[in-house]
Amino acid sequence: MTTDRASNGGSMPRRRGKRAASPSPSAASSAGPLPYDDAEAASLANLLLSWYDRHRRHLPWRSAPGERPDPYRVWLSEIMLQQTTVATVRDYFLHFTSRWPTVADLATAPLDDVLAAWAGLGYYARARNLHKCAQAVMRDFGGVFPSNLDALRSLPGIGDYTSGAIAAIAFDQPYAAVDGNVERVMARMFAVEEPLPDSKPRLKQLASGLVPKRRPGDFAQAMMDLGATICAPRKANCLICPWNGHCRGRALGIAETLPRKREKAARPVRRAVAFLAIRRDGAILLRRRPERGLLGGMLEVPSTPWERSDATPAASVTESHAPLPAPWTPLAGTVEHTFTHFHLIVEVHTAHGLDDIPLEDPAARWVPLDDLPTEALPTVMHKIIAHGLKL
């Protein structure tokens, strides 16, 4: 079994006090003793905060030094940043806060507008929960985000990580915000070789023990910045790291191999046939997906079910799912898109020059091409439309 290897390498002083015991070789999981005492934790926090004061990233959702953070902006940024990079989120955040500058504005916005503004960020359940959360804050908390951790967790779309991040950053409470950046820093700092996700409880324990009572919000953001800019996934720039003299992973020469991860199973493949119907005036037929499930509430090009298969659905199956009777023509090539848990391959069939016939499906409607940028269309649907129209 792998261990923290806290008793090997590194340059921390000898342990003292309550947290003095070094973990044994079998204590690498969630319940092991901490490999530092209170004085060492305070020293590490001070080193990191001093570094952060000089090198903090300037991000549109962050308050300036000395300014009180806006919980709405903290919450919005944390939801957007889940599984998404800072570079991608920046413009979306600026657009959202320009259009809906307060939680009250967002709560009263039509869901379709929110979904359309979110299109392209992926993980669309976040957008639906974002809207629900804004409404819950208005309804249950008088338009003010709660500072209590349990109250934050009761809100739609807010789990352990996001509640800790909001409590720390927005309200300066001593909670750890442990995202992928922080997990990487902790794994390297304390040479945790147990692979993710098994090591998550231990990494959270190690991070939580370092949170200072003074400036816990800045500390949370400093940990994120350290992981994003110095202790990066592919290259650890140890020479300029404020913790380089205390890092066991560096001392052991294994920092860049951490964190270890269990080998992932290959993503299964699903296949479908999409039907791109084009009216005489150029409008295309779109359909709203069910509210629950993948891409819930978003618009789609009608298709066969997305099923696991080694081949495209048979013609008889395909025709039974066409949204209307028309001379459908299969196009050469396919559209491919990778989701978190599967890879999708889509064959596109088109029908051009259709009349404005009544639609039997109440979830379907004709959408002019010029209106597509304002519709709640996920990226995979943009790909299908572009392939079908040869854009």
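In this report, we go over the structure that sits alongside the text.

## Looking at the overall build of the protein
Piece 1. When its secondary structure is counted, the protein shows 14 helices and eight strands.
Piece 2. Projecting the C-alpha coordinates of the protein onto the three principal axes gives extents of approximately 80 × 50 × 35 Å.
Piece 3. The buried share among the 391 residues of the protein stands at 49%.
Piece 4. Partitioning the contacts of the protein with sequence separation of at least 6, the portion at a separation of at least 24 is 69%.
Piece 5. As displayed, the protein has an accessible area near 18,700 Å², and 52% of this comes from carbon and sulfur atoms.
Piece 6. Positive and negative side-chain charges in the protein, numbering 48 and 40 respectively, have mean positions lying 9 Å apart.

## What about the packing of helix 8 (residues 160-171) against helix 11 (residues 216-229)?
Piece 1. Following both chains from N to C, one finds helix 8 and helix 11 inclined at 125°, their axes separated by 7 Å at the closest point. By the angle between their directions, the pair helix 8 and helix 11 is classed as oblique. In contact with Tyr161, Ala168 and Ile169 of helix 8, helix 11 contributes Pro216, Gly217, Ala220, Gln221 and Met224.
Piece 2. The residue inventory of the contact of helix 8 with helix 11, partitioned by class, reads six nonpolar, two polar and no charged.

## Some words on the pairing of strand 7 (residues 343-354)
Piece 1. Burial within strand 7 is extensive, with nine of its 12 residues counted as buried.
Piece 2. Taken together, the 10 bridges between strand 1 (residues 269-279) and strand 7 define a ladder with parallel strand orientation. Note on strand 7: the bridge partner recorded for Arg279 is Leu354.
Piece 3. As judged from the two bridges shared by strand 5 (residues 329-330) and strand 7, these two strands associate in the antiparallel manner. When the sheet's bridge partners are listed, Thr329 is paired in strand 7 with Thr350.
Piece 4. Taking the residues that link successive antiparallel strands as the turn, the strand 6 (residues 335-338)-strand 7 hairpin has four residues.

## Observations concerning the nonpolar core
Piece 1. Trp75, Met80, Phe96, Leu106, Trp118, Leu286 and Ile384 are the most contacted members of the largest nonpolar core, which totals 71 residues.
Piece 2. When near neighbours in sequence (up to four residues on either side) are disregarded, Phe96 contacts Leu76, Met80, Pro101, Leu106, Val114, Ala117, Trp118 and Leu130.
Piece 3. Counting residues in each nonpolar core, the second largest holds 36 residues, with Leu44, Trp51, Val192 and Leu203 among its members.

## Points about helix 8
Piece 1. With 12 residues, helix 8 extends 16 Å from end C-alpha to end C-alpha; this agrees with the ideal 16 Å at 1.5 Å per step.
Piece 2. In terms of burial, helix 8 is a largely internal element, nine of the 12 residues being buried.
Piece 3. Every buried residue of helix 8 is accounted for by Thr162, Ser163, Gly164, Ala165, Ile166, Ala167, Ala168, Ile169 and Ala170.
Piece 4. Taken together, the buried residues of helix 8 touch helix 2 (71-81), helix 7 (149-153) and helix 11.
Piece 5. Looking one or two places after helix 8, you find Asp172, whose phi comes out positive at around 55°.

## What about the packing of aromatic side chains?
Piece 1. If you walk through the whole model with that rule in mind, you get 10 aromatic pairs.
Piece 2. Note on Phe96 and Trp118: the rings are 6.0 Å apart at their centroids and 85° apart in plane angle, and the pair reads as edge-to-face. Highlighted residues: Phe96 in helix 3 (residues 86-99) and Trp118 in helix 5 (residues 111-118), separated in sequence by 22 residues.
Piece 3. Aromatic ring contacts, followed pair by pair, group Tyr72, Trp75 and Phe145 into a single cluster.
Piece 4. We note Arg270 situated over the ring of Phe342; from NZ or CZ to the ring centre the distance is 4.1 Å.
Piece 5. The cationic tip of Arg289 hangs over the ring face of Trp306; the distance from NZ or CZ to the ring centre is 4.8 Å.

## Section: unusual backbone geometry
Piece 1. For the bond running from Leu196 to Pro197, omega is 5°, close enough to zero to count as cis.
Piece 2. Positive phi is not limited to glycine here, since Asp172 has a value of about 55°.
Piece 3. Examined against the element boundaries, Asp172 turns out to sit in the loop between helix 8 and helix 9 (180-189).

## A few points about the pattern of salt bridges
Piece 1. Under the definition given, this model contains 18 salt bridges.
Piece 2. The closest approach of N and O atoms between Asp113 and Arg99, which form a salt bridge, is 3.5 Å. One end of the pair, Asp113, is in helix 5; the other, Arg99, is in helix 3, and 14 residues separate them in sequence.
Piece 3. Judged by its relative accessible area of 29%, Asp113 is partly exposed.

Parameters at a glance
Residues numbered from 1 in each chain as written. Predicted model: local features only at pLDDT ≥ 70, side-chain atom pairs only at ≥ 80, totals over all residues. Heavy atoms only, no water. Helix = DSSP H or I, 4+ residues; strand = E, 2+ residues; numbered from the N terminus. Buried < 20%, exposed > 50% of the residue type's maximum accessible area, 1.4 Å probe, protein only. Contact = heavy atoms within 4.5 Å. Areas by Shrake-Rupley, 256 points an atom, 1.4 Å probe, with all protein chains shown as cover. Lys, Arg positive; Asp, Glu negative; His and termini not counted. Charge placed at Lys NZ, Arg CZ, Asp CG, Glu CD. Axes fitted to C-alpha atoms, helices over the stretch in contact; angles between N-to-C directions. Parallel < 35°, antiparallel > 145°, perpendicular 65-115°, else oblique. Nonpolar A, V, L, I, M, F, W, Y, C, P; charged D, E, K, R; others polar. Pairing = 2+ DSSP bridges. Core = buried A, V, L, I, M, F, W, Y, C linked by side-chain atoms within 4.5 Å. Expected span 1.5 Å × (residues − 1). Phe/Tyr/Trp six-rings, centres within 6.5 Å; stacked < 30°, edge-to-face > 60°. Lys NZ or Arg CZ within 6 Å of the ring centre and 35° of its normal. Salt bridge = Lys/Arg side-chain N within 4 Å of Asp/Glu carboxyl O.

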